[in-house]
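One-letter residues, chain by chain:
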Amino acid sequence: MAAPSLKPRNPTREVRVGSTVIGAGHPVAVQSMTATRTQDVEATSAQVRLLEVAGADLVRIAVDSEKDARALGAIRAGTRVPLSVDLQENYRLAAVVAPHVDKIRYNPGHLYHHEKSRRAEEKVAFIAEAAAKHDCALRVGVNCGSVDPALKGRFGADDVAEMVASALEHCGILDRIGFPRYVVSLKDSDPNKVIDANIRFAAERPDVPLHLGVTEAGLPPDGVIKTRIAFEQILSRGIGDTIRVSLTVPNDRKGEEIAAGRAILSDMAAGRFRSVPRFENKGLNIISCPSCSRVENEAFVELAEKVRDMTAYAKDHAITIAVMGCRVNGPGETDDADLGLWCGPRTVTLKRGERSVGHYPYAEVLGALRAELDALIEARAAPAR
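Predicted, not measured: the structure shown is a model, and the values here were computed from it. (Residues numbered from 1 in each chain as written. Predicted model: local features only at pLDDT ≥ 70, side-chain atom pairs only at ≥ 80, totals over all residues. Heavy atoms only, no water.)

Attention now moves to the pairing of strand β6 (residues 103-106). A two-sided burial pattern is seen for β6, the buried positions comprising Lys103 and Arg105 on one face and Ile104 and Tyr106 on the other. Bridge count between strand β5 (residues 83-87) and β6: three bridges; the pairing is parallel. Among the inter-strand pairings, valine 85 is bridged to a residue of β6, identified as isoleucine 104. Sheet topology note: the β6/strand β7 (residues 137-143) ladder contains four bridges and is parallel. In the strand pairing of β7, tyrosine 106 is matched with valine 140. (Buried < 20%, exposed > 50% of the residue type's maximum accessible area, 1.4 Å probe, protein only. Helix = DSSP H or I, 4+ residues; strand = E, 2+ residues; numbered from the N terminus. Pairing = 2+ DSSP bridges.)

Structure (C-alpha cells):
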C-alpha cells in the first residue's frame, strides 16, 4: 500500500520515565505489562526480564493491594528497565509504590470507588505529591470500560466525548497542581474510537504526550491487525509518543506484544502501510482482554481461542463477543457486547448484553455460548423473513 504523507510529530513536552524519555520528538517508546500475580515476586521478575529481553522500553505492573505494593521492592531490585505501576481503586497506594517505580498510572474512573466523599482533585493531588517526592511520572489512563460515572450520559450516545472530557479534566487538575510530568491514554476495544478519541484530544492538547493502545484487542493475528490500523491512522498524523500492543497470549509469549509494536513502527518508518482508512467491522467481532495480572484465571486465554474456533461458522454476522478475564474492565466491556463471557476464578458468567444468562464451569460454557449465539442469529434474521 502506498505510504500516506506523514505529518511531523506533535510538539509534545518531554516526560522522563526512568531512563526512557517520552515525547518531545524522542523515538516512540514500546511497552508492555506483566501478566503474573504481582505478589509472586519470582514469576513477576521473570516476566519483567522476558519483556526487557524482548526490547521493552517500559514495563507496567498492576497493584491491587498492599501485598502487591510490598512486592515491588524486590522486583525493582532485579531489573534496570523502567517500571510503571497500574493503580486500581486505592489511590493511597501511590505513596507505597512510588519509591520503587518510575511512573504511576491511574484511571480517573477508578478514583470514584475509594473514599467517595473526597473530591477527585484531592485524590489526584495525593498521587501527584507521591510521584513528585519519588521522581515519578504519571499517566492519566482513561478506559472505555471504566469512564468516570459523573460523565456517563453527559454527551448522549457520544461515548468518545466522555473519554476525551475525562482526560481533559484531569489534565486541568494536574496543571493547576503544577505537575507537568504526565502523559495521557484514551483506550477502547474499537480501533475507530481509539483513533477518534486521540485525534480529538490532540487537537485540544497537542502539548501532552499520548500513550496509544487498543484495549482488549484480542488474540493474534486479529488483535495485531486492529492495533495496527489504529496506530497507523494516529501516528501518521503526528500523534502518539508511546505504544502498547495488548494481546491475549499465554504468559510465556508476552514478548510478542513488543515484537508486534516494533514491527508496526518499523513498517511505518519504511513507508509500509497495511491499513484501510477505517476498521470496517461488518462480521463477527471477538474482543478479549490482554493477559495481565488482573486476570482471575489464566484458563481464559485458552477459552478465548476456543471461542474463536467454535464461532467461526458465524463469521458473516455482525455480532460482538467479549471474552474478559479482567475483574476491573470485564463487567463494563461485557455489558457493551452482544454476548459476553466474564471469566472468574472458577466459573464463567455468560451474558447477553447487560443481562446474565448464567454461570458455567470453564469446560461447559462453550455449549451455552453456542446456544445463545444461534438464538441471537435467529432473532436478528426473523424480521427479514
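Moving on from the model shown.
Under the criterion given, the structure shown has one aromatic pair. Summarising the aromatic geometry, the rings of tyrosine 91 and phenylalanine 126 are spaced 5.5 Å apart at their centres and angled 90 degrees between planes, so their arrangement reads as edge-to-face. Of this pair, tyrosine 91 sits in the loop between β5 and α3 (94-97) while phenylalanine 126 sits in helix α4 (residues 120-133), and the two are 35 residues apart along the sequence. Tyrosine 91 sits in the buried class, given a relative accessible area of 1%. A relative accessible area of 24% places phenylalanine 126 in the partly exposed class. One cation-aromatic arrangement involves arginine 370 over tyrosine 313; the distance from NZ or CZ to the ring centre is 4.2 Å. (Phe/Tyr/Trp six-rings, centres within 6.5 Å; stacked < 30°, edge-to-face > 60°. Lys NZ or Arg CZ within 6 Å of the ring centre and 35° of its normal.)

Here we come to unusual backbone geometry. Along the chain, proline 220 connects to proline 221 via a cis peptide bond; the corresponding omega equals 5 degrees. Looking at where proline 221 falls in the secondary structure, it is placed in the loop between β9 (210-212) and α7 (222-235). Residues other than glycine seldom take positive phi values, yet alanine 24 does so here, at roughly 55 degrees. With respect to the element layout, alanine 24 can be found in the loop between β2 (20-22) and β3 (29-33). Of the residues examined, alanine 24 reaches a relative accessible area of 40% and is grouped as partly exposed. Its identity is not glycine, yet aspartate 135 carries a phi of approximately 60 degrees, on the positive side.

Attention shifts here to the sheet that holds β6. Strand order in the closed barrel formed by eight strands is β3-β4-β5-β6-β7-β8-β9-β10, and the pairing between neighbours is parallel. The average angle at which neighbouring strand axes cross in this sheet is 25 degrees, direction not considered. Bridge count between strand β4 (residues 58-63) and β5: five bridges; the pairing is parallel. Of the residues in β5, the one forming a bridge with alanine 62 is aspartate 86. Along the sheet, helix α2 (residues 66-77) makes contact with β4 and β5, crossing β4 at roughly 155 degrees. Relative to the sheet, helix α6 (residues 191-204) contacts β8 (182-187) and β9, its axis offset from that of β8 by approximately 145 degrees. (Axes fitted to C-alpha atoms, helices over the stretch in contact; angles between N-to-C directions. Contact = heavy atoms within 4.5 Å.)

This brings us to the pairing of β5. For β5, the buried fraction is high: five of the five residues fall into the buried class. Burial along β5 is two-sided: the residues Leu83, Val85 and Leu87 and Ser84 and Asp86 are all buried. This β-α-β element, β4 to α2 to β5, shows right-handed connectivity. (Right-handed = clockwise from strand over helix to strand, strands pointing away.)

Among the nonpolar cores identified, the biggest contains 74 residues, and Ile104, Leu138, Leu174, Val184 and Leu186 are the most heavily contacted of them. When residues in this core are grouped by element, the largest group, eight residues, is from helix α5 (residues 159-177). Dropping the residues within four chain positions of it, leucine 186 is found in contact with Val142, Met163, Val164, Ala167, Val194, Ala197, Asn198, Phe201, Leu210, His211 and Gly213. (Core = buried A, V, L, I, M, F, W, Y, C linked by side-chain atoms within 4.5 Å.)

Our next topic: the pattern of salt bridges. Tallying each qualifying case throughout the model produces 31 salt bridges. Across the pair aspartate 267 and arginine 272 runs a salt bridge whose closest N-O atoms are separated by 2.9 Å. Taking the relative accessible area as the measure of exposure, aspartate 267 reaches 7% and is therefore buried. Note that arginine 352 is salt-bridged to glutamate 372, the shortest N-O span being 3.4 Å. Here the residue arginine 352 occupies a position in strand β14 (residues 347-352), and glutamate 372 occupies one in helix α11 (residues 365-381), the gap between them amounting to 20 residues. Given a relative accessible area of 24%, arginine 352 falls into the partly exposed group. (Salt bridge = Lys/Arg side-chain N within 4 Å of Asp/Glu carboxyl O.)

The subject of this paragraph is helix α8 (residues 255-269). The terminal C-alpha atoms of α8 lie 21 Å apart, and with 15 residues this matches the ideal 21 Å at 1.5 Å per residue to within 8%. Those residues of α8 that fall on the buried side of the exposure criterion are Gly255, Glu257, Ile258, Ala260, Gly261, Ile264, Leu265, Asp267 and Met268. Within two residues after α8, glycine 271 carries a phi angle of roughly 80 degrees, on the positive side. (Expected span 1.5 Å × (residues − 1).)

Each turn of an α-helix holds 3.6 residues, which means side chains three or four residues apart point in the same direction. The end-to-end C-alpha distance of helix α1 (residues 41-54) is 20 Å, a good match for the 20 Å that 14 residues give at a rise of 1.5 Å each. Considered for burial, the residues of α1 that qualify are Thr44, Ser45, Gln47, Val48 and Leu51. Buried positions in α1, seen along its axis, are confined to an arc of 160 degrees and lie on one side of it. Relative to its buried face, α1 has exposed residues pointing more than 90 degrees away, namely Glu42 and Val53. Looking at the buried positions of α1, the neighbouring elements they touch are β3, β4, α2, β5 and α8. One or two steps after α1, the chain reaches glycine 55, where phi turns positive at roughly 110 degrees. (Arc of directions from axis to C-beta.)

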